[in-house]
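# Structural overview
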Amino acid sequence: MADQPKFYPTLVITNMKSLLLITLDNDSSQYVSWAALFKVQAWVHNVLDHIVPPTDEKAKKAIDNAKAVDPDLWHHLDAVVLQWMYATISQ
């Protein structure tokens, strides 16, 4: 039996604006709030390590292993996080 791909809820979020109600605007003073809420969503969806690299050695090794085992998934999740960022900042 072939390995079943893991389900990542991160990949099915199509509207980050519904989860992060602050739009980051260059002229606003909401960066701290936006960044905090964005990190919470990344943490909840298990992709915080795509924006905040781990500092302890065990976590670093786990990330390196995840990248090595399935680099396509790692890059896909990276792209999703970038998509979230672009969806929640003003033009």
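Let us look at the structure shown here. (Residues numbered from 1 in each chain as written. Predicted model: local features only at pLDDT ≥ 70, side-chain atom pairs only at ≥ 80, totals over all residues. Heavy atoms only, no water.)

### A few points about the layout of surface pockets
- By volume, the largest pocket amounts to about 370 Å³.
- Taken together, 13 residues line the largest pocket, and the ones lying closest to its centre are K6, Y8, A66, D70 and L73.
- The leading source of residues in the lining of the largest pocket is helix α2 (residues 57–69), at four residues.
- Among the residues making up the lining of the largest pocket, the classes are represented as seven nonpolar, three polar and three charged. (1 Å grid on protein atoms, 1.4 Å probe; cavity = no way out; pocket = protein on both sides within 12 Å on 5 of 7 lines; lining within 4 Å. Points joined across faces, edges and corners; volume = space filled by probe spheres on them. Helix = DSSP H or I, 4+ residues; strand = E, 2+ residues; numbered from the N terminus. Nonpolar A, V, L, I, M, F, W, Y, C, P; charged D, E, K, R; others polar.)

### Description of the packing of aromatic side chains
- Applying the stated criterion across every chain, the model contains three aromatic pairs.
- With 6.1 Å between their ring centres and 35 degrees between their planes, Y31 and W34 make a pair best called tilted. Remark: W34 and Y31 occur in helix α1 (residues 31–44); sequence separation between them is three residues, near one turn of the helix.
- Under the relative-accessibility criterion, W34 is labelled buried at 8%.
- A ring pair is formed by F38 and W84, whose centres lie 6.3 Å apart and whose planes are at 70 degrees; its orientation type is edge-to-face. One end of the pair, F38, is in helix α1; the other, W84, is in helix α3 (residues 71–87), and 46 residues separate them in sequence.
- F38 sits in the buried class, given a relative accessible area of 3%.
- In this structure an aromatic cluster arises from ring pairing among Y31, W34, F38 and W84. (Phe/Tyr/Trp six-rings, centres within 6.5 Å; stacked < 30°, edge-to-face > 60°. Buried < 20%, exposed > 50% of the residue type's maximum accessible area, 1.4 Å probe, protein only.)

### Some words on α3
- Spanning 17 residues, α3 covers 24 Å between terminal C-alpha atoms, matching the ideal 24 Å at 1.5 Å per step.
- Looking at α3, one finds that the buried residues are L73, W74, L77, V80, V81 and W84. Buried residues in α3, looked at end-on, bunch into an arc of 120 degrees, giving them a common side. The exposed residues of α3 that point more than 90 degrees off its buried face are D72, H75, Q83 and Y86. (Expected span 1.5 Å × (residues − 1). Arc of directions from axis to C-beta.)

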